[in-house]
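# Results of the structural survey
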Amino acid sequence: MEIFTTDGSKDGRDATKKSGICNIIPGVQIDDYLFEPCGYSMNGLLPEGKYITIHITPEPGYSYVSFESNVPQESYNELINRVLDTFRPGKFLMTIFANKASIARESHKGIEDKRTINNYNRQDHQTCVFKEYHLTYSYFTRPVI
Ligand SMILES: C[S@@+](CC[C@H](N)C(=O)[O-])C[C@H]1O[C@@H](n2cnc3c(N)ncnc32)[C@H](O)[C@@H]1O
């Protein structure tokens with residue numbers, strides 16, 4: 001989390017490179033910002049209105065990373081692995097939205113079957129079926145060693 005402070009990085013671009021955020025979704029056009037004395041925000045654009053956005057609160061005791069994207073994936077396994085490798089959080093939750101036309105429509109099933117992801121164990125899982133789309137929510141934690 002030192003990377004996301006002005007002691008650890010000289011600006012947003014430096015923090016983006018050092019953290020590996022630039023590798024999460026290749027080819028994304030990034031606008032990044034490092035707050036004084038700490039905190040980081042980025043917005044990344046891809047063609048056809050696709051985006052990722054990451055906000056990082058590195059303060060000890062209430063550190064928090066949010067990652068949001070509308071990039072559809074047939075499987076989210078690789079993207080999840082890249083995000084977990086980059087941030088190594090103690091816990092994470094994810095929500096996937098997809099309608100019938102989305103290539104992500106089958107990814108709900110893939111997530112539903114996952115009781116563990118790497119060293120993380122699933123603590124909660126909810127699926128909601130709305131008129132136009134499905135929503136899948138899962139919450140994972142890793143054991144404290
Ligand atoms: C990256 S911002 C984003 C907060 C946003 N609510 C989110 O989605 O998580 C939060 C971090 O930036 C730091 N920060 C420093 N100056 C700030 C400012 N003027 N406005 C917002 N956050 C600031 C906070 O201390 C915190 O570490």
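Rules and cut-offs
Residues numbered from 1 in each chain as written. Predicted model: local features only at pLDDT ≥ 70, side-chain atom pairs only at ≥ 80, totals over all residues. Heavy atoms only, no water. UniProt positions renumbered as here; feature names shortened; annotations may be inferred. Near = heavy atom within 4 Å. Polar contact = N/O pair within 3.5 Å; in protein donor to acceptor, adjacent residues only side chain to side chain. Areas by Shrake-Rupley, 256 points an atom, 1.4 Å probe, with all protein chains shown as cover. Helix = DSSP H or I, 4+ residues; strand = E, 2+ residues; numbered from the N terminus. Pairing = 2+ DSSP bridges.

As recorded in an unreviewed UniProt entry, the protein goes by the name S-adenosylmethionine decarboxylase proenzyme, listed as coming from Potamilus streckersoni. Listed under Catalytic activity (unreviewed entry) in UniProt, the entry text for the protein is "S-adenosyl-L-methionine + H(+) = S-adenosyl 3-(methylsulfanyl)propylamine + CO2". The annotation that UniProt attaches to the protein under Pathway (unreviewed entry) is "Amine and polyamine biosynthesis; S-adenosylmethioninamine biosynthesis; S-adenosylmethioninamine from S-adenosyl-L-methionine: step 1/1."

## Re the site of the ligand
Near the ligand, the surroundings consist of Phe 35, Cys 38, Gly 39, Tyr 40, Ser 41, His 55, Ile 56, Thr 57, Pro 58, Glu 59, Tyr 64 and Ser 66. For the ligand, an oxygen atom lies 2.5 Å from a polar atom in the side chain of Glu 59. Across the complex, the protein chains shield 53% of the 580 Å² of accessible surface that the ligand would expose by itself. Elements with a minimum of two residues in the shell around the ligand: β2 (40-46), β3 (50-57) and β4 (64-69).

## Section: the pairing of strand β7 (residues 120-129)
Note that strand β6 (residues 116-117) and β7 share two bridges and pair antiparallel. From the neighbouring strand, Ile 117 faces β7, where its bridge partner is Tyr 120. Where β7 folds back on strand β8 (residues 134-141), the antiparallel hairpin that results is connected by four residues.

## Let's talk about the side chain of Asp 32
Here Asp 32 lies in strand β1 (residues 29-34). Within the structure, Asp 32 has its side chain in polar contact with the side chain of Arg 13 (distance 3.3 Å). Separated by 2.5 Å, the side chains of Asp 32 and Thr 16 make a polar contact.

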